[in-house]
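# Residue-level structural notes
One-letter residues, chain by chain:
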Amino acid sequence: AEQTARILAALQHREVDILAHPTGRIINRRPPFELQLDEVLHCAKENGVVVELNAHPERLDLKDSHLMLARQLGLIVAISTVAHRVRDLDLLHYGVEQARRAWLSKADVVNSITLKVFMQLLRSLPPPPKVTQRSGLPSGCVLPRAPGRSRIGPGSGGLRSAGEGRETPRSS
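An account of the accompanying structure is given in this report. All figures in this text were calculated on a predicted structure; none of them were measured in a lab.

What follows deals with the overall build of the protein chain. Secondary structure assignment for the protein chain yields five helices and four strands. Each helix and strand of the protein chain, ordered N terminal to C terminal, gives the series α-β-α-β-α-β-α-α-β. Looking at the protein chain as a whole, 40% of its 172 residues are labelled buried. The long-range share in the protein chain, meaning contacts at least 24 apart out of those at least 6 apart in sequence, stands at 73%.

Quick look at the structure:
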């Protein structure tokens, strides 16, 4: 429940465009977060947030069943890899195969749409929530404080994704 609340709050933040590593799983090494993924996906849809399908074979996060729900909700999916090295870009085909198992079409995947359609998509996203607090968060949103530099928000060095991995520091 706590992890769900954290992700829901992050999804409502005006700086979040993509939910990366949605369940945080690493196959055979780390189980997925304990969260209500259906609530998370509904919130992503309400806030115009794209969800990531991480194609790395150690992650394949989201699972095909989760992607089916995302498709039913009309969410846009970004297929990516944890490309810490150039050769990791070759892993993208695993994500395409995962998307196919979930019956995603080109129109469901942000990587495969034309620039014209992408620009239309950006214009169609809901406007950012009105900020009414000095914290820069929409009313009612409270992000838990974590030690170290914030990964999300104004002044954090640019656009960040909710759930962006902690495996390696992000260079600015």
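Let's pick the thread back up.
Let's shift gears to the pattern of salt bridges. Any two side chains of opposite charge can pair if their charged atoms end up close together. Counted according to the given criterion, the structure contains five salt bridges. For Arg6, the salt bridge goes to Glu2, with nearest N and O atoms at 3.2 Å. On the criterion of helical spacing, the pair formed by Arg6 and Glu2 is a turn pair, its members being four residues apart in helix α1 (residues 2-11). Taking relative accessible area as the criterion, Glu2 reaches 56% and is therefore assigned exposed. Among the ionic pairs, Arg101 bridges to Asp64, the shortest N-O distance being 3.9 Å. Here Arg101, found in helix α4 (residues 92-101), pairs with Asp64, found in helix α3 (residues 64-73); they are 37 residues apart in sequence, far enough to count as distant. Judged by its relative accessible area of 27%, Asp64 is partly exposed.

About the criteria used
- Residues numbered from 1 in each chain as written.
- Predicted model: local features only at pLDDT ≥ 70, side-chain atom pairs only at ≥ 80, totals over all residues.
- Heavy atoms only, no water.
- Helix = DSSP H or I, 4+ residues; strand = E, 2+ residues; numbered from the N terminus.
- Buried < 20%, exposed > 50% of the residue type's maximum accessible area, 1.4 Å probe, protein only.
- Contact = heavy atoms within 4.5 Å.
- Salt bridge = Lys/Arg side-chain N within 4 Å of Asp/Glu carboxyl O.

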